[in-house]
Amino acid sequence: MKIEKDIPDKVNQYDEILKPWHSDESSVQSIWERIKDDYHLKYPNLTKKDLSYVPGEFDKMTSLIATKTDRCRAEVNNEIRSWEASKKPKE
């Protein structure tokens, strides 16, 4: 699902959902560094440049990923946030 920029209410709703995720920049960066290689395996159409984390530009990176994978930024953020938990073997 894509969010069109000309629908401000929807954009604002997604920004509100994502707000807690941006509160700790170092946590975001450490999670991303651990998972980015596996993420690239799942989405080989993304380039290393697409997946390059620049401090303070996580939104920009996830927006690009969302566009290139035909999803919304909230989906990408939720996937990244839950990536490690979803990859753990079930007992």
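Residues numbered from 1 in each chain as written. Predicted model: local features only at pLDDT ≥ 70, side-chain atom pairs only at ≥ 80, totals over all residues. Heavy atoms only, no water.

Focus on the overall build of the protein
Filter applied, for reference: Secondary structure elements follow DSSP: runs of H or I of four or more residues count as helices, runs of E of two or more count as strands, with numbering from the N terminus. Partly exposed residues are those whose accessible area sits between 20% and 50% of the maximum for their type, while under 20% is buried and over 50% is exposed, using a 1.4 Å probe and protein chains only. Note on definitions: a residue-residue contact is assigned when non-hydrogen atoms from the two residues lie within 4.5 Å. Only the protein chains shown count as cover for residues, with accessible areas throughout obtained via the Shrake-Rupley method and a probe of 1.4 Å.
What the protein contains, in helices and strands, is 4 helices and 0 strands. Listed N to C, the secondary structure of the protein is α-α-α-α in terms of helices and strands. Taking all 91 residues of the protein together, 33% fall into the buried category. Taking the intrachain contacts of the protein between residues at least 6 apart in sequence as the baseline, contacts between residues at least 24 apart amount to 52%. For the protein, the exposed area adds up to about 6,100 Å²; of that, 53% sits on carbon and sulfur atoms.

Notes on the packing of aromatic side chains
The line we're drawing: The rule is short: rings of Phe, Tyr and Trp, with Trp giving its six-membered ring, pair when the centres are within 6.5 Å, and they are stacked under 30 degrees, edge-to-face over 60, tilted in between.
Per the stated rule, a full pass over the model turns up 4 aromatic pairs. On the numbers, 4.9 Å between centres and 45° between planes, the contact of tyrosine 39 with tyrosine 43 is tilted. With a relative accessible area of 0%, tyrosine 39 lands in the buried category. Residues tyrosine 39 and tryptophan 83 carry aromatic rings whose centres are separated by 5.1 Å and whose planes lie at 50° to one another, so their mutual orientation is tilted. Here tryptophan 83 lies in helix H4 (residues 73-87) and tyrosine 39 lies in helix H2 (residues 25-42), a separation of 44 residues in the sequence. Residue tyrosine 39 shares its accessibility class with tryptophan 83, and that shared class is buried. Feature note: the residues Trp32, Tyr39, Tyr43 and Trp83 constitute an aromatic cluster, connected by ring pairs.

So, the side chain of threonine 69
We apply this condition: In the analysis that follows, any N or O atom pair within 3.5 Å is treated as a polar contact, provided that within protein one partner can donate a hydrogen and the other can accept it, and provided that, for residues neighboring in sequence, both atoms belong to side chains.
Mapping threonine 69 onto the fold places it in the loop between helix H3 (58-68) and H4. Looking at threonine 69, its side chain comes within polar contact range of the main-chain oxygen of isoleucine 65, at 2.7 Å. If near-sequence neighbours (up to four positions away) are discounted, threonine 69 is found in contact with Tyr43, Leu46 and Val76.

Focus on the packing of H3 against H4
Condition: Angles shown run from 0 to 180 degrees and are taken between the N-to-C directions of axes, each axis being a line fitted to C-alpha atoms and, for helices, limited to the stretch in contact. Here roughly perpendicular refers to angles of 65 to 115 degrees, roughly parallel to angles under 35, roughly antiparallel to angles over 145, and oblique to all remaining angles. Three categories are distinguished: nonpolar for Ala, Val, Leu, Ile, Met, Phe, Trp, Tyr, Cys and Pro, charged for Asp, Glu, Lys and Arg, and polar for the others, with Gly belonging to the last.
Running from amino to carboxyl end, H3 crosses H4 at an angle of 110°, the nearest separation of the two axes being 8 Å. As summarised for this structure, H3 and H4 are arranged roughly perpendicular, according to the angle between their axes. Of H4, the residues touching H3 (which contributes Phe58, Asp59, Thr62, Ser63, Ile65 and Ala66) are Arg73, Val76, Asn77 and Ile80. Classifying every residue of the contact of H3 with H4 gives 5 nonpolar, 3 polar and 2 charged.

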